[in-house]
Amino acid sequence: MFHYFDNAATTQVRPEAAQAALEAMTQQWGNPSSVYQFGGRAAALVKDCRRDVAQALGCQLEEVYFTSCGTESDNWAIRSGVELNRRKGRHIITTAIEHAAVLEPCRELERQGWEVTYLTPDKQGQIDPAQVEAALREDTMLVSMMLVNNELGTILPVKETARAIQKSGCPALLHCDGVQGFLKVPFTPKELGVDLLSISGHKIHAPKGIGALYVKKGLKLPPLIRGGGQESGLRSGTEATGQIAALAAAARLGRATMEADLKHMARLREETAARLTQQVPGLKVLVEHGAPHILPVTMPGYKSEVVVRYLSDRGVFLSSGSACHKGKPSHVFAALKLPKPELDGALRISFSADTSQEDVDALVQALAAAKQELFPTMS
Ligand code: PLP
């Protein structure tokens with residue numbers, strides 16, 4: 001028995017999603033490109049799944065392209081997004097708190113001569129739309145802004161950014177890393193005004209190894225992966241029918257229960273924040289208002305890795321920052337310019353629809369015990 005509070009890192013696969021994958025892999029296991037009937041059935045399955053994902057996203061099925069993960073979707077959007085307009089300019093705008101899947105391709109483009117502006121957040125992890133307006137230039141070709149930050153849970157002003165781009169008249173495309181926002185905050189790509197939007201399966205109770213990129217209809221995005229011409233020639237590679245079926249099942253279920261799930265997570269987030277501030281002296285909530293599944297807190301003076309290990313020994317699992325950082329200080333928490341003791345003690349608590357009241361009780365108890373039993377490491 002354990003209590004899992006690391007749903008921003010990954011989520012448990014829904015049995016329905018696993019069942020859909022099993023059926024696709026053991027029954028409809030043909031190659032969707034094969035012309036005979038058995039291949040056609042696999043192609044029909046992929047089409048049905050694309051429709052389900054499109055419905056959950058609130059877009060048309062022709063606008064959904066399956067990829068291998070959120071990272072691939074982000075890389076594709078950025079690398080190919082700038083390719084589209086390369087003759088018009090070489091300036092990109094993004095934020096300092098994006099996931100590495102966005103920051104790394106941006107850094108690579110910088111090495112190739114592109115200029116990148118990294119917008120920095122305020123103390124609550126928020127970007128002011130005025131910063132975007134001020135950074136936009138005639139030669140800005142791409143703006144990449146995440147919808148929900150994976151460590152802070154802040155909801156970024158993507159819609160306002162789309163408006164600013166439109167107002168400025170510059171030809172920039174707008175990409176949104178929607179990996180932590182999909183099924184966690186209500187939106188459609190059209191409402192946001194984005195051209196490209198990335199999602200990932202394993203954050204919504206589908207397996208790892210599947211993602212998708214929304215590409216606005218009419219946008220001639222060049223492919224990142226070339227080959228046999230699958231995904232309308234934009235993303236080659238034999239379709240991963242099992243993962244695609246699981247993603248569709250998880251998206252369908254997630255969409256059906258979204259309203260109730262969001263309420264549940266928001267209630268747990270609020271209760272956890274209130275109880276932890278009351279029962280763990282010195283603990284501070286870092287972001288008051290954000291997406292319902294992420295609660296960043298800090299225990300100033302304590303080393304978060306020590307707290308994470310203490311909790312882990314008691315069957316409570318949470319993260320000291322994004323799981324992708326593996327022990328290195330998080331660039332996201334660092335961007336908040338917190339005093340060092342607050343930075344060192346930062347923890348990310350993340351919920352899912354499956355998180356229970358008993359889980360929250362166990363977390364509060366364990367953190368209160370950590371506070372009493374562990375020694376602060378003043379530095
Ligand atoms: N973008 C954000 C905001 C994420 O949180 C993650 C995963 O942690 C990714 C992108 C990468 O997604 P994937 O793990 O599917 O490559």
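*Asks:* Any chance you could break down the overall build of the protein chain for me, citing the residues and the numbers?
*Replies:* Across its full length, the protein chain holds 13 helices and twelve strands. By the compact-globule yardstick of 21 Å for 379 residues, the protein chain fits well, its C-alpha radius of gyration being 21 Å. Overall size of the protein chain, expressed as C-alpha extent along the three principal axes, is 65 × 50 × 30 Å. Looking at the protein chain as a whole, 57% of its 379 residues qualify as buried. A separation of at least 24 residues holds for 72% of the contacts in the protein chain among residues at least 6 apart in sequence. Across the protein chain, 42 positive and 41 negative side-chain charges occur, with their mean positions spaced 4 Å apart.

*Asks:* Describe the pairing of strand S10 (residues 294-298), with residues and values.
*Replies:* Most of S10 sits inside the fold, with five of its five residues counted as buried. Here S10 shows no split at all, with Ile294, Pro296 and Thr298 on one side and Leu295 and Val297 on the other all buried. One ladder, built from two bridges, connects strand S9 (residues 284-285) with S10; its direction is antiparallel. The residue of S10 that forms the bridge with Val285 is Val297.

*Asks:* Please set out the sheet that holds strand S8 (residues 211-215) residue by residue, giving values where relevant.
*Replies:* One open sheet accounts for seven strands, arranged S2-S8-S7-S6-S5-S3-S4; its pairing is mixed. The open sheet has two free edges, formed respectively by strand S2 (64-67) and strand S4 (115-119), since each of these has just one partner strand. Sheet twist, expressed as the mean angle between neighbouring strand axes with direction ignored, is 20 degrees. By the bridge criterion, four bridges tie strand S3 (residues 91-95) to strand S5 (residues 140-144) in an arrangement that is parallel. Residue pairing in the sheet places His91 in a bridge with Thr140 of S5. The strands touched by helix H2 (residues 37-57) within the sheet are S2, strand S7 (196-200) and S8, with S2 carrying the most contacts at an inclination of about 110 degrees. Its contacts with the sheet place helix H3 (residues 70-84) against S2, S3, S5, strand S6 (173-177), S7 and S8, and it is angled at close to 165 degrees to S7.

*Asks:* Provide a residue-level description of the site of the ligand, including the pertinent values.
*Replies:* As a matter of local geometry, the ligand sits amid 13 residues, with Gly70, Thr71, Asp177, Ser200 and Lys203 nearest to it. Here an oxygen atom of the ligand sits 2.5 Å away from a polar atom, N or O, in the side chain of Thr71. Relative to its unbound accessible surface of 390 Å², the ligand loses 91% to contact with the protein. For the shell around the ligand, the leading source of residues is H3, giving three residues. Here the residues of the shell around the ligand sort into three nonpolar, seven polar and three charged.

*Asks:* So what's going on with the state of the cysteines? Which residues, and what values?
*Replies:* All told, the structure shown has zero disulfides when counted by the stated rule. Cys106 takes part in no disulfide bond, and the closest cysteine sulfur, belonging to Cys176, lies 14 Å away. Note on Cys170: no disulfide assigned, nearest cysteine sulfur contributed by Cys106 at a separation of 15 Å. According to the relative accessible area criterion, Cys170 is buried, its value standing at 10%.

*Asks:* If you had to explain the side chain of Arg269 to someone new, which residues and values would you point to?
*Replies:* In this fold, Arg269 is placed in helix H9 (residues 258-279). The buried charged residue Arg269 lacks any salt bridge, with Glu288 as its nearest oppositely charged partner at 6.2 Å. A polar contact of 2.8 Å, which involves the side chain of Arg269, links it to the backbone oxygen of Ile294. For Arg269, the contacting residues outside a window of four places in its chain are Val287, Glu288, His289, Gly290, Ala291, Pro292, Ile294, Leu295, Pro296 and Phe351.

*Asks:* For the pattern of salt bridges, give the residues involved together with the corresponding values.
*Replies:* Counted by the stated rule, this structure contains 20 salt bridges. The salt bridge partner of Glu342 is Lys284, with a shortest N-O separation of 2.8 Å. Linking Glu342 in helix H12 (residues 340-344) with Lys284 in strand S9, this pair joins segments that are 58 residues apart in sequence. Of the residues examined, Lys284 reaches a relative accessible area of 38% and is grouped as partly exposed.

*Asks:* Describe the packing of helix H10 (residues 304-313) against helix H13 (residues 357-373), with residues and values.
*Replies:* Orientation of H10 relative to H13, taken along the N-to-C sense of each, is 125 degrees, at an axis distance of 10 Å. Compared by their axis directions, H10 and H13 come out oblique. Both H10 and H13 take part in a crossing whose hand is right-handed. Here H10 contributes Val307, Tyr310 and Leu311 to the contact with H13, which in turn contributes Ala366, Leu367, Ala369, Ala370 and Glu373. Per-class residue counts for the contact of H10 with H13 are seven nonpolar, no polar and one charged.

*Asks:* Now, about the sheet that holds strand S12 (residues 346-350): what can you tell me, with residues and values included?
*Replies:* With antiparallel pairing, the three strands of this open sheet are ordered in space as S9-S10-S12. The open sheet has two edge strands with one neighbour each: S9 and S12. For S10 and S12, the ladder comprises five bridges, and the chain directions are antiparallel. The residue of S12 that forms the bridge with Ile294 is Ser350.

*Asks:* Can you tell me about the packing of H2 against helix H8 (residues 241-256), naming the residues and giving the values?
*Replies:* It is the contact of H2 with H8, at a shortest axis distance of 8 Å, that shows an interaxial angle of 35 degrees. The handedness of the crossing between H2 and H8 is left-handed. Here Val46, Cys49, Asp52, Val53 and Ala56 of H2 come into contact with H8, specifically with Thr241, Ile244, Ala245, Leu247, Ala248, Ala251, Arg252 and Arg255. Residue classes in the contact of H2 with H8 are distributed as nine nonpolar, one polar and three charged.

Thresholds, definitions, all that
- Residues numbered from 1 in each chain as written.
- Predicted model: local features only at pLDDT ≥ 70, side-chain atom pairs only at ≥ 80, totals over all residues.
- Heavy atoms only, no water.
- Helix = DSSP H or I, 4+ residues; strand = E, 2+ residues; numbered from the N terminus.
- Rg over C-alpha atoms; globule rule 2.2 N^0.38 Å.
- Buried < 20%, exposed > 50% of the residue type's maximum accessible area, 1.4 Å probe, protein only.
- Contact = heavy atoms within 4.5 Å.
- Lys, Arg positive; Asp, Glu negative; His and termini not counted.
- Charge placed at Lys NZ, Arg CZ, Asp CG, Glu CD.
- Pairing = 2+ DSSP bridges.
- Axes fitted to C-alpha atoms, helices over the stretch in contact; angles between N-to-C directions.
- Near = heavy atom within 4 Å.
- Polar contact = N/O pair within 3.5 Å; in protein donor to acceptor, adjacent residues only side chain to side chain.
- Areas by Shrake-Rupley, 256 points an atom, 1.4 Å probe, with all protein chains shown as cover.
- Nonpolar A, V, L, I, M, F, W, Y, C, P; charged D, E, K, R; others polar.
- Disulfide = S-S within 2.5 Å.
- Salt bridge = Lys/Arg side-chain N within 4 Å of Asp/Glu carboxyl O.
- Parallel < 35°, antiparallel > 145°, perpendicular 65-115°, else oblique.
- Left-handed = near helix turned anticlockwise from the far one by under 90°.

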